[in-house]
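One-letter residues, chain by chain:
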2 protein chains.
Amino acid sequence: MKDTLTVVKIGGKVINEEAELDLFLKKFAALKGNKILVHGGGNIASVVQNKMGIPPKMVEGRRITDADAIDIVTMVFSGLNKKIVSKLQALNVQSIGLSGADGNLIRSVKRPVKTIDYGFVGDVEEVNSELLKSLFDAGLVPVVCALTHDNQGQLLNTNADTIASELARGVADKYQVDLVYCFEQPGVLSDFENKVVIPEITPEGYEKYKSEGVIVDGMIPKLDNAFDAINAGVDTVKICHFDSLDKVQSEDYPGTTLCLK
Amino acid sequence: MKDTLTVVKIGGKVINEEAELDLFLKKFAALKGNKILVHGGGNIASVVQNKMGIPPKMVEGRRITDADAIDIVTMVFSGLNKKIVSKLQALNVQSIGLSGADGNLIRSVKRPVKTIDYGFVGDVEEVNSELLKSLFDAGLVPVVCALTHDNQGQLLNTNADTIASELARGVADKYQVDLVYCFEQPGVLSDFENKVVIPEITPEGYEKYKSEGVIVDGMIPKLDNAFDAINAGVDTVKICHFDSLDKVQSEDYPGTTLCLK
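Residues numbered from 1 in each chain as written. Chains lettered and ligands numbered in written order. Predicted model: local features only at pLDDT ≥ 70, side-chain atom pairs only at ≥ 80, totals over all residues. Heavy atoms only, no water.

The name recorded for chain A in an unreviewed UniProt entry is Acetylglutamate kinase, from Reichenbachiella ulvae.

Here it is as structure tokens:
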């Protein structure tokens, strides 16, 4: 029987608002077994960029991380990381904040320029699963921000969803892994207006929901990514509202669970 | 025979200028044995504070870390910390960046208000020496920034010289510790104009240099602090130019060494 590991990803509103964050961290603190928290930066990087007179650059609705931006993103994400660690320590969680550079946790490669130059953005190449294991063995709870490195001295802005998925996949041979994406909806919805949650989705069900137009748009890359993780050995992927984090290990979990069968 | 540990503190100019920093980190990478790098923030926090339209507050020439300032200092110090870690990784140093909150490495208490309220500034109470040992055992090189926490969710700005000294003292029973302060002078000077370095200072010598007016002003708290570390079990304290870091473990070390006899 493998030890359990819960990898939780948060972003968006819960990061921006301190009271929401405090409530969420209490729920994270109560989770049993080994755990990792992965966080994005909410909109704080954009706020700081604007305050510093270097407004974010966007191309076709996507953020460009140029040299100025990576410096600010690095500060904001790692500063937030320390703030979260300090709050978790106050909740008796022996947390340790990491970027992908720390202990060479996540090596990535700068995204090649095709039509758009995204700048200092990383595509993940390798996760240091030995490091994670030694941190768990030392009783530590990693808190990981959305930065990786190229092992040549450059930090790279990296999607937090991807980081969570890659960390989960990287240790799936050693642990029974539950990957949890917390966001602002109660789960994957079959009826957006009435917030009707699909409780369980298998690969076959997923194909059906897509062909029927039930699952569309932005949810498709998210679920593709989630099923990739499951195919790579992650046991379950859960998608739920961040308020439901205290229920992901219980019978009355109200969100969506993705699993092989 | 105890394992060796070298604790190196840098600050000032070497932090502000990337080329100087790169050169310094190469020298740090070449040091033998267990090692820790402690860094200040140079003047980067003040630069960012000014850019964000929240200029640093000073009282009697000393910085006040109010609520706005601690947020910016946290970002700047931890961002710089990740940058240094990423550069060290490129030099094959398995570095890991930490604040005092990470793994509860350094617990401090907010400085009580006497005549001046310094704000969110920490006075060190306890170092987690078990954590340091487990990091060394995992082959990791801690890079520590000038932030501690109060274990109640608050990060505190803390003098980097003090952090270096407290870390060195905290593990002095387990390791043979060499504490190295790198700065912009070649050592403790007996003749400032001609840059004549005092190669060795014992406690008796220190008293003599003070009574003769050879060692004065800002050097006194620095050396008091250094001798406190020695009295607490640190083997040697070295004070030298940051260019000399590659010589602290060699016979032709040109800086000052403080030791019991």
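**Details of the packing of aromatic side chains**
The tally for this structure, following the rule as stated, stands at four aromatic pairs over all chains. Look at Phe-136 of chain A and Tyr-175 of chain A: their rings are 5.5 Å apart centre to centre, the planes differ by 75°, and that puts the pair in the edge-to-face class. Of this pair, Phe-136 of chain A sits in helix α5 (residues 129-137) while Tyr-175 of chain A is found in strand β11 (residues 175-183), placing the two residues 39 residues apart along the sequence. Both residues of the pair, Phe-136 of chain A and Tyr-175 of chain A, count as buried. Seen from their ring centres, Tyr-206 of chain B and Phe-227 of chain B are 5.0 Å apart, and the 25° between their planes marks the pair as stacked. Within this pair, whereas Tyr-206 of chain B is found in helix α7 (residues 203-211), its partner Phe-227 of chain B is found in helix α8 (residues 219-231), the two being separated by 21 residues in sequence. (Phe/Tyr/Trp six-rings, centres within 6.5 Å; stacked < 30°, edge-to-face > 60°. Helix = DSSP H or I, 4+ residues; strand = E, 2+ residues; numbered from the N terminus. Buried < 20%, exposed > 50% of the residue type's maximum accessible area, 1.4 Å probe, protein only.)

**Considering the relation of the copies chain B and chain A**
The two copies are related by a screw operation: chain B maps onto chain A through 180° of rotation and 0.0 Å of translation along the axis, at an RMSD of 0.0 Å. Read as a symmetry element, the transformation amounts to a two-fold axis. A shared interface surface links the copies, since 100% of the contact residues of chain B are contact residues in chain A too. (Least-squares fit on C-alpha atoms with pLDDT ≥ 70 in both. Contact = heavy atoms within 4.5 Å.)

**Some thoughts on unusual backbone geometry**
Residue and element names in this part refer to chain B. Residues other than glycine seldom take positive phi values, yet Asn-92 does so here, at roughly 65°. Summarising the element assignment, Asn-92 is placed in the loop between α4 (67-90) and β5 (95-98). In this structure, Asn-151 is a non-glycine residue whose phi angle is positive, near 65°. Within the secondary structure, Asn-151 sits in the loop between β9 (147-149) and β10 (155-157).

**Concerning the pattern of salt bridges**
Under the defined criterion, the tally for this structure stands at 36 salt bridges over all chains. Linking Lys-83 of chain A and Asp-71 of chain B is a salt bridge whose minimum nitrogen-to-oxygen distance equals 4.0 Å. In this pair, Lys-83 of chain A is assigned in helix α4 (residues 67-90) and Asp-71 of chain B in helix α4, connecting two distinct chains. Lys-83 of chain A gets classed as partly exposed once you look at its relative accessible area, which sits at 28%. For Glu-212 of chain A, the salt bridge identified is with Lys-208 of chain A, shortest N-O distance 3.5 Å. (Salt bridge = Lys/Arg side-chain N within 4 Å of Asp/Glu carboxyl O.)

**Side note on the packing of helix α2 (residues 18-30) of chain B against α4 of chain B**
Residue and element names in this part refer to chain B. Close contact between α2 and α4 brings their axes to 10 Å; oriented N to C, the two are set at 55°. Overall, the two elements α2 and α4 adopt an arrangement that is oblique. Crossing geometry of α2 relative to α4 is assigned as right-handed. Each of Glu-18, Leu-21, Asp-22, Leu-25 and Phe-28 in α2 lies in contact with α4, whose residues at this interface are Lys-83, Ile-84, Lys-87 and Leu-88. (Axes fitted to C-alpha atoms, helices over the stretch in contact; angles between N-to-C directions. Parallel < 35°, antiparallel > 145°, perpendicular 65-115°, else oblique. Left-handed = near helix turned anticlockwise from the far one by under 90°.)

**Focus: the pairing of strand β1 (residues 3-10) of chain B**
Residues and elements named next belong to chain B. The buried count for β1 comes to six of eight residues, which makes it a mostly enclosed element. As defined by bridge partners, β1 adjoins strand β11 (residues 175-183) across seven bridges and the pair is classed as parallel. Along β11, the bridge assignment pairs Thr-6 with Asp-178. Pairing analysis gives six bridges linking β1 to strand β2 (residues 34-39), with the strands arranged parallel. Among the inter-strand pairings, Thr-6 is bridged to a residue of β2, identified as Lys-35. (Pairing = 2+ DSSP bridges.)

**Examining the interface of chain B and chain A**
Across the boundary between the two partners, chain B contributes 37 residues, which contact 37 residues of chain A. Its largest share of buried area at the contact with chain A, chain B owes to Met-52, Met-75 and Lys-82 of chain B, together 20% of the area lost on that side. Inspection of the chain B/chain A interface yields four salt bridges. The partner of Lys-82 of chain A in a salt bridge is Asp-102 of chain B, with the nearest N and O atoms 2.8 Å apart. (Buried area = accessible area lost by both parts, 1.4 Å probe.)

**Quick word on the sheet that holds strand β16 (residues 256-258) of chain B**
All names here are of chain B. Reading across from one edge, β5-β8-β2-β1-β11-β15-β16-β14 is the order of the eight strands in this open sheet, with mixed pairing throughout. A strand with exactly one partner marks an edge of an open sheet, and here the two such strands are β5 and β14 (200-201). In the packing of helix α5 (residues 129-137) onto the sheet, the strands contacted are β1, β2, β5, β8 (141-145) and β11, and the crossing angle to β2 comes to about 120°.

**Quick notes on the UniProt feature "site: Transition state stabilizer" (unreviewed entry) in chain A**
Residue and element names in this part refer to chain A. Under the UniProt annotation, "site: Transition state stabilizer" (unreviewed entry) lies at Lys-9 and Lys-222. In terms of the greatest pairwise C-alpha distance, the residues named above, spread along 214 residues, form a tight cluster of at most 12.6 Å across. If you trace the backbone, Lys-9 turns up in strand β1 (residues 3-10). Given the relative accessible area of 13%, Lys-9 is considered buried. Topologically, Lys-222 is positioned in helix α8 (residues 219-231). Using a relative accessible area of 21% as the deciding quantity, one classes Lys-222 as partly exposed. (UniProt positions renumbered as here; feature names shortened; annotations may be inferred.)

**Remarks on the UniProt feature "domain: Aspartate/glutamate/uridylate kinase" (unreviewed entry) in chain A**
Mapped onto this structure's residue numbering, the UniProt feature "domain: Aspartate/glutamate/uridylate kinase" (unreviewed entry) falls at residues 5-240 of chain A. From the first C-alpha to the last, residues 5-240 of chain A spans 18 Å; its make-up is 39% helix and 28% strand.

**Quick word on the side chain of Asp-66 of chain A**
Residues and elements named next belong to chain A. Among the structural elements, Asp-66 can be located in the loop between β4 (62-64) and α4. One polar contact links Asp-66 to Lys-57, side chain to side chain, over a distance of 2.3 Å. Discounting chain neighbours no more than four positions away, the residues touching Asp-66 are Lys-57 and Phe-120. (Polar contact = N/O pair within 3.5 Å; in protein donor to acceptor, adjacent residues only side chain to side chain.)

**Details of α8 of chain B**
Each α-helix turn comprises 3.6 residues. Residues three or four places apart therefore point the same way. Residue and element names in this part refer to chain B. Taking 1.5 Å of rise per residue, 13 residues should cover 18 Å, and α8 covers 18 Å from first to last C-alpha, within 8% of that figure. Every buried residue belonging to α8 is among Met-219, Lys-222, Leu-223, Asn-225, Ala-226, Phe-227, Ala-229 and Ile-230, and all of these are buried. Looking at the buried positions of α8, the neighbouring elements they touch are α6 (160-170), β11, β14, α7, β15 (236-241) and β16. Where α8 ends, the next residue or the one after it, Gly-233, has phi of about 110°, a positive value. (Expected span 1.5 Å × (residues − 1).)

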